[in-house]
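# Commentary on secondary and tertiary structure
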Amino acid sequence: MYKINGLTHYVQVHGQSLALAQPLPQNTGADGNGGPVRAGGTQGAIEVIVRANTALTIADGKALTVRLQHRTGTAPFSDLATVVSFTATGGNGAIARDTELGRFVLPGTTGDEVRAVIATTDPAASGTIDVLPTYQAR
């Protein structure tokens, strides 16, 4: 895999990120800045990758969570999967740029729209992350 501007390049649809260079929320949760994307009916052809866009800092004992939610039509979003669930201990909350934090292949039962929800329990969390839907060649 090659890199562009120091970040691993993934095959994805232009403008279809769930989150792109999104600052970590501080002691709260936030929807991904890419908004929901239409991913229903992809039959396992989409994998979501979460990575550090810039270096991340999470204090010891504090957590970072990235969840995927889905819905069909105008129904409320419901949880689909937790892609990242990480509690920093022993200084491991210093995460280098371009570190892959998690992957999840969307199942065939995924609703029409998918969004990311990013949360931390750290009031001083810093750095930015990407949540990227990527194509799985068949």
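Residues numbered from 1 in each chain as written. Predicted model: local features only at pLDDT ≥ 70, side-chain atom pairs only at ≥ 80, totals over all residues. Heavy atoms only, no water.

### Observations concerning the pattern of salt bridges
Between side chains of opposite charge, pairing is possible as soon as their charged atoms come close. Basically, it comes down to this: In what follows, salt bridge is the name for a side-chain nitrogen of Lys or Arg lying within 4 Å of a carboxyl oxygen of Asp or Glu. In this text, helices come from DSSP runs of H or I with a minimum length of four residues, and strands from runs of E with a minimum of two, each type numbered from the N-terminal end. Relative accessible area decides the class of each residue, using a 1.4 Å probe on protein chains only: under 20% of the type maximum gives buried, over 50% gives exposed, and in between gives partly exposed.
This model, assessed by the stated rule, comprises 7 salt bridges. Across the pair R115 and D31 runs a salt bridge, and its minimum N-O distance is 3.2 Å. Here D31 lies in strand β4 (residues 29–31) and R115 lies in strand β12 (residues 113–120), a separation of 84 residues in the sequence. The residue R103 makes a salt bridge to E100 at a minimum N-O spacing of 2.7 Å. Relative accessible area serves as the criterion here: at 36%, E100 is assigned to the partly exposed category.

### Description of the sheet that holds strand β6 (residues 46–52)
The following threshold applies: Only strands that DSSP links by at least two bridges are regarded as paired with each other. What counts as an axis is a line fitted to C-alpha atoms, over the stretch in contact for a helix, and the angles between N-to-C directions run from 0 to 180 degrees.
One open sheet accounts for 4 strands, arranged β3-β13-β6-β11; its pairing is antiparallel. The open sheet has two free edges, formed respectively by β3 (19–23) and β11 (100–105), since each of these has just one partner strand. On average, adjacent strands in this sheet sit at an angle of 15° to one another, irrespective of strand direction. With 7 bridges joining them, β6 and strand β13 (residues 128–135) adopt antiparallel strand pairing.

### Re the layout of surface pockets
Which entries qualify depends on this criterion: Every definition here rests on a 1 Å grid over the protein atoms only: cavities are sets of points where a 1.4 Å probe fits but cannot get out, pockets are open sets enclosed by protein on both sides within 12 Å along at least five of seven lines, and lining residues have some atom within 4 Å of a point. Grid points are joined across faces, edges and corners, and a volume is the space filled by probe spheres set on the points. Following the grouping adopted for this structure description, the nonpolar residues are Ala, Val, Leu, Ile, Met, Phe, Trp, Tyr, Cys and Pro, the charged ones are Asp, Glu, Lys and Arg, and the polar ones are all others, Gly among them.
There is about 310 Å³ of room inside the largest pocket. H9, Q12, L20, R51 and L132 are, among the 16 residues lining the largest pocket, the residues nearest its centre. Tallied by class, the residues present in the lining of the largest pocket amount to 6 nonpolar, 9 polar and 1 charged. Each pocket or cavity is described by its volume, and for the second largest pocket that value is around 180 Å³. Taken together, 15 residues make up the lining of the second largest pocket; nearest its centre are V13, Q16, R38, I46 and P133. Elements with a minimum of two residues in the lining of the second largest pocket: β5 (37–38), β6 and β13. For the lining of the second largest pocket, the element with the most residues is β13, which contributes 3 residues. Among the residues forming the lining of the second largest pocket, the class breakdown is 10 nonpolar, 4 polar and 1 charged.

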